[in-house]
Amino acid sequence: MPTDIEHSLSAQDCLVLLMIAVSVSDENVRTAELIKIESQVNTLPVFGTYDDSRIKQMSSIVFDLFSEEDGLDALFGLIRDNLPDRLFETAYALACDVAAADGSLRESELRLLEEIRYELNIDRLHAAAIERGARARHLTV
């Protein structure tokens, strides 16, 4: 992977990378997940200055990384290098929302969320609250 990518990632790019990673973690990108990512980028203040045309480039980065043996480690390296600590819980919340968007959590999504919690050092109680909020927002009747 070219090293110039590492230096050109914004905090918002990192948030998008994690959301896409959760969506593709089960090798089946669902429409509800794509809509959730687009909605998050279009409505949340953290993305207020984000150029949403970069989503396609972030998708390519995730697919390239996931095709490599150590791709997940490389992804977390990019995240740690380019995402401020103050946005770690935000990143986890966005990832949980994408995972819950289609109404079910698959084993691969749960494993990736667990890895994100570990890599971003999300406090267990905070993670539980974030997860419960994501479930509540995506319940169907």
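Residues numbered from 1 in each chain as written. Predicted model: local features only at pLDDT ≥ 70, side-chain atom pairs only at ≥ 80, totals over all residues. Heavy atoms only, no water.

Regarding its fold elements, the chain presents 8 helices and 0 strands. Counting from the amino terminus, helix and strand elements in the chain follow one another as α-α-α-α-α-α-α-α. For the chain, whose C-alpha radius of gyration is 14 Å, the value lies close to the compact-globule estimate of 14 Å for 141 residues. Dimensions along the principal axes, computed over C-alpha positions, put the chain at roughly 45 × 30 × 30 Å. (Helix = DSSP H or I, 4+ residues; strand = E, 2+ residues; numbered from the N terminus. Rg over C-alpha atoms; globule rule 2.2 N^0.38 Å.)

Nonpolar side chains in soluble globular proteins tend to end up buried together. Counting 44 residues, the largest nonpolar core has Val16, Leu83 and Ile116 as its most contacted members. Contributing elements (two or more residues each) for this core: α2 (11–24), α3 (31–43), α4 (55–66), α5 (71–82), α6 (88–100), α7 (107–119) and α8 (124–137). For this core, the element with the highest residue contribution is α2, accounting for 11 residues. Not counting the four nearest positions on each side in its chain, Leu83 is found in contact with Ala11, Cys14, Leu15, Phe88 and Ala91. (Core = buried A, V, L, I, M, F, W, Y, C linked by side-chain atoms within 4.5 Å. Buried < 20%, exposed > 50% of the residue type's maximum accessible area, 1.4 Å probe, protein only. Contact = heavy atoms within 4.5 Å.)

So, on to the pattern of salt bridges. This structure, assessed with the given rule, holds 7 salt bridges. The closest approach of N and O atoms between Glu119 and Arg80, which form a salt bridge, is 2.3 Å. Note that Glu119 is positioned in helix α7 and Arg80 in helix α5, a separation of 39 residues in sequence. Salt-bridge contacts for Arg106 lead to Asp102; the nearest nitrogen and oxygen are separated by 2.9 Å. Residues joined by salt bridges that share partners form a network here, namely Asp102, Arg106 and Glu109. (Salt bridge = Lys/Arg side-chain N within 4 Å of Asp/Glu carboxyl O.)

Scanning the model with the defined rule gives 0 disulfides in all. Of all cysteine sulfurs in the structure, the one in Cys96 sits closest to Cys14, which takes part in no disulfide; the separation is 17 Å. (Disulfide = S-S within 2.5 Å.)

We now examine α6. Taking 1.5 Å as the rise per residue, α6 with 13 residues should run 18 Å; its terminal C-alpha atoms sit 18 Å apart, in good agreement. When you tally the buried positions in α6, you get 10 out of 13 residues, the bulk of the element. Every buried residue belonging to α6 is among Phe88, Ala91, Tyr92, Leu94, Ala95, Cys96, Asp97, Val98, Ala99 and Ala100, and all of these are buried. (Expected span 1.5 Å × (residues − 1).)

In this section: the environment of Glu89. Mapped onto the elements, Glu89 comes out in helix α6. As for Glu89 and Leu72, which are separated by 17 residues in sequence, their C-alpha atoms are 19 Å apart. Other than its neighbours up to four places away in sequence, Glu89 contacts Ile122, His126 and Ile130. There is a polar contact of 2.6 Å between the side chain of Glu89 and the side chain of His126. (Polar contact = N/O pair within 3.5 Å; in protein donor to acceptor, adjacent residues only side chain to side chain.)

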